[in-house]
Amino acid sequence: MNESFGDLASLLAAKMPELRGRLAANQPLAPFTWFRVGGPAQVLFSPADEADLAYFLKNLASEIPVTTIGLGSNLIVRDGGVLGVVIRLGGKAFGEITVEPGHRLRAGACAPDMRVARAAAEAGIDGLAFLRGIPGSIGGALRMNAGAHGGETRDVLISARGVDRAGQIRTFTVDELGMSYRHSEAPSGVIFTSALFQGRPGEPADILAEMDRITEAREKSQPIREKTGGSTFKNPPGEKAWQLVDRAGCRGLAVGDAQVSPMHCNFLINRGAATAADIENLGDEVRARVLAATGVELHWEIKRIGVKA
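Going along each chain's sequence as written, the residues are numbered from 1 onward. Only residues with pLDDT of 70 or above have their local features reported here, since the model is predicted, and side-chain atom pairs are shown and tallied only from 80 upward, although totals for entire chains, interfaces and linings are computed over all residues. Hydrogens and waters are ignored; side-chain quantities use all the structure's heavy atoms.

With that settled, the discussion passes to the pairing of strand β2 (residues 40-46). Each residue gets one of three labels from its accessible area relative to the maximum for its type: buried under 20%, exposed over 50%, partly exposed in between, using a 1.4 Å probe on protein chains only. Secondary structure counts use DSSP, requiring at least four H or I residues in a row for a helix and at least two E residues in a row for a strand, with both numbered from the N terminus. Taking burial as the measure, the seven residues of β2 include six buried ones, the bulk of the element. Pairing between strands is defined by DSSP: at least two bridges between them are needed. Alignment of β2 against strand β5 (residues 82-88), held across four bridges, turns out to be parallel. Paired with Val-43 across the two strands is Val-85, which belongs to β5.

So, about helix α8 (residues 204-221). Any helix carries an expected span of 1.5 Å times its number of residues minus one. Relative to the 26 Å expected for 18 residues at 1.5 Å per residue, α8 spans 26 Å between its end C-alpha atoms, a close match to the ideal helical length. Among all positions of α8, only Ile-207, Met-211, Ile-214, Thr-215 and Arg-218 are buried. The buried residues of α8 occupy an angular sector of 100° when projected down its axis, which confines them to one face. For α8, exposure combined with an orientation more than 90 degrees from the buried face picks out Ala-205, Asp-206, Arg-213 and Lys-220. Two residues form a contact once any of their heavy atoms are found within 4.5 Å. Turning to α8, the residues buried within the fold contact α4 (113-122) and β8 (125-126). The arc in question is traced by the directions running from the helix axis to the C-beta atoms.

Here we take up the sheet that holds strand β1 (residues 22-28). Reading across the sheet, the four strands line up as β1-β2-β5-β3 and stay open at both edges, with mixed pairing between neighbours. The outermost strands of the open sheet, each flanked by one partner alone, are β1 and β3 (66-69). In this sheet, neighbouring strand axes are inclined to one another by 30° on average, regardless of whether the strands run parallel or antiparallel. Pairing between β3 and β5: four bridges, direction parallel. Looking across to β5, one finds that Thr-67 is bridged to Val-86. For helices, the axis comes from a line fit to the C-alpha atoms of the stretch in contact; other axes are also lines fit to C-alpha atoms, and the angle between any two N-to-C directions lies between 0 and 180 degrees. On top of the sheet, helix α2 (residues 50-59) reaches β1, β2, β3 and β5; it is set at about 160° to β5, its chief contact.

Moving on: the packing of α4 against α8. One way to put it is that α4 packs onto α8 with a least axis distance of 8 Å and a crossing angle of 155°. Taken as axis vectors, α4 and α8 run roughly antiparallel relative to one another. Counting all contacts with α4, which are made through Ala-117, Arg-118, Ala-121 and Glu-122, the residues of α8 involved are Pro-204, Ile-207, Leu-208 and Met-211. Comment on the angle field: the value is read as roughly parallel under 35 degrees, roughly antiparallel over 145, roughly perpendicular from 65 to 115, and oblique elsewhere.

Another point: the pattern of salt bridges. Where charged atoms from two side chains of opposite charge come close, those side chains can pair. Definition used for salt bridges: Asp or Glu carboxyl oxygen within 4 Å of a side-chain nitrogen of Lys or Arg. Overall, the coordinates contain 19 salt bridges when judged by the stated rule. Linking Arg-225 and Glu-219 is a salt bridge whose minimum nitrogen-to-oxygen distance equals 3.3 Å. Overall, Arg-225 belongs to the exposed group, its relative accessible area being 72%. With a relative accessible area of 39%, Glu-219 lands in the partly exposed category. It is possible to trace a salt-bridge network through shared partners that takes in Glu-152, Arg-154, Arg-182 and Glu-301.

A separate point is helix α10 (residues 276-294). Given a rise of 1.5 Å per residue, 19 residues ought to cover 27 Å, and the 27 Å separating the end C-alpha atoms of α10 matches this to within 8%. Here α10 has its buried residues at Ala-276, Asp-278, Ile-279, Glu-280, Leu-282, Gly-283, Val-286 and Val-290. Taken together, the buried residues of α10 touch β4 (75-77), α9 (241-247), β16 (254-255), β17 (258-260), β18 (267-270) and β19 (303-305). Among the residues trailing α10, Gly-295 stands out with phi positive, at a value near 80°.

With that out of the way, let us pick up the packing of aromatic side chains. Each Phe, Tyr or Trp ring, with Trp reduced to its six-membered ring, pairs with another whose centre is within 6.5 Å; inter-plane angles below 30 degrees give stacked pairs, above 60 give edge-to-face pairs, and intermediate values give tilted ones. Throughout the structure, instances matching the rule amount to three aromatic pairs. With a centroid separation of 5.4 Å and an interplanar angle of 55°, the aromatic rings of Phe-233 and Trp-300 are classed as tilted. Taken together, the positions of Phe-233 in the loop between β15 (227-231) and α9 and Trp-300 in the loop between α10 and β19 put the pair 67 residues apart, joining distant regions of the chain. This pair shows no difference in class: Phe-233 is buried, exactly as Trp-300 is. Positioned above the aromatic ring of Phe-32 is the side chain of Arg-88, whose terminal nitrogen or guanidinium carbon lies 4.2 Å from the ring centre. Here, a charge over a ring is recorded when the distance from Lys NZ or Arg CZ to the ring centre is within 6 Å and its angle to the ring normal is within 35 degrees.

Read from one edge of the open sheet, four strands run β15-β18-β17-β16, paired in antiparallel fashion. One side of each edge strand has no neighbouring strand; the edge strands of this open sheet are β15 and β16. Relative to β17, β16 is paired through two bridges, and the arrangement is antiparallel. If you follow Ala-254 over to β17, its bridge partner there is Gln-259. The sheet contacts of α10 involve β16, β17 and β18, and relative to β17 the element is tilted by about 30°.

Note that Leu-11 resides in helix α1 (residues 4-15). For Leu-11, a relative accessible area of 58% gives the class exposed. Spatially, the C-alpha atom of Leu-11 lies 38 Å from that of Ala-258, the residues being 247 residues apart in sequence.

In structure tokens:
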């Protein structure tokens, strides 16, 4: 990053005197990602609440790019960092979970999926246990229709609330979001702030037991204690990505200190000193080998942001 990057944070602070959230110039992003790689944000903004986020976006010049990150579990931040403003939601305002009548549950966008699953279970709300197997937050689940263990976000979602690039607070029904496999048609500029889910009656002990089974299955089959980004590639129609990677001989393949996990080859891991370029180049090498060996083109499930160094 160059010295002028610090100027943007000062200019924004001066232009928005009523801003209550935190603006930080040239802020490292690697600590916010599970891979622990990548360069800094030109400006990192952490809004105080939804109204503060709306105020910020309403007063932000349209030519300044905006990127949103969540828990960083499904993300590669490139080594050159991210230009413009990176928005990261946090705190009670965006992480609150409340139980509502009719076996419904409302969750903030930065609430971890696994915490939402547990809150639902403890309230006797069945149908959300699959969220226990997704290592991300509700905002990411809305953006990509996250799913695991036979369930998807769209199966239980009623509506989602967010702020668009013009600073308008909007509500979307599940139909309006046009969710499909690991995808939604939500406008790209919308930053989700909360969601309302519909479950069904259930016994807390039974739901918690199901969640324990999901946890056990993950621990046995996935490198969840490594520096990883979760599932790397989407499953092609009628195929399993990990099987294609294995058939192409990529299990354990390495580029620098990035490696295809020997435990589950749809996971890439940082063995300690990998760069973002190592991880992304490894993923692209795997895609090329799978295409050559099987004729199937794999598509990234992990989001990649920023500029290459």
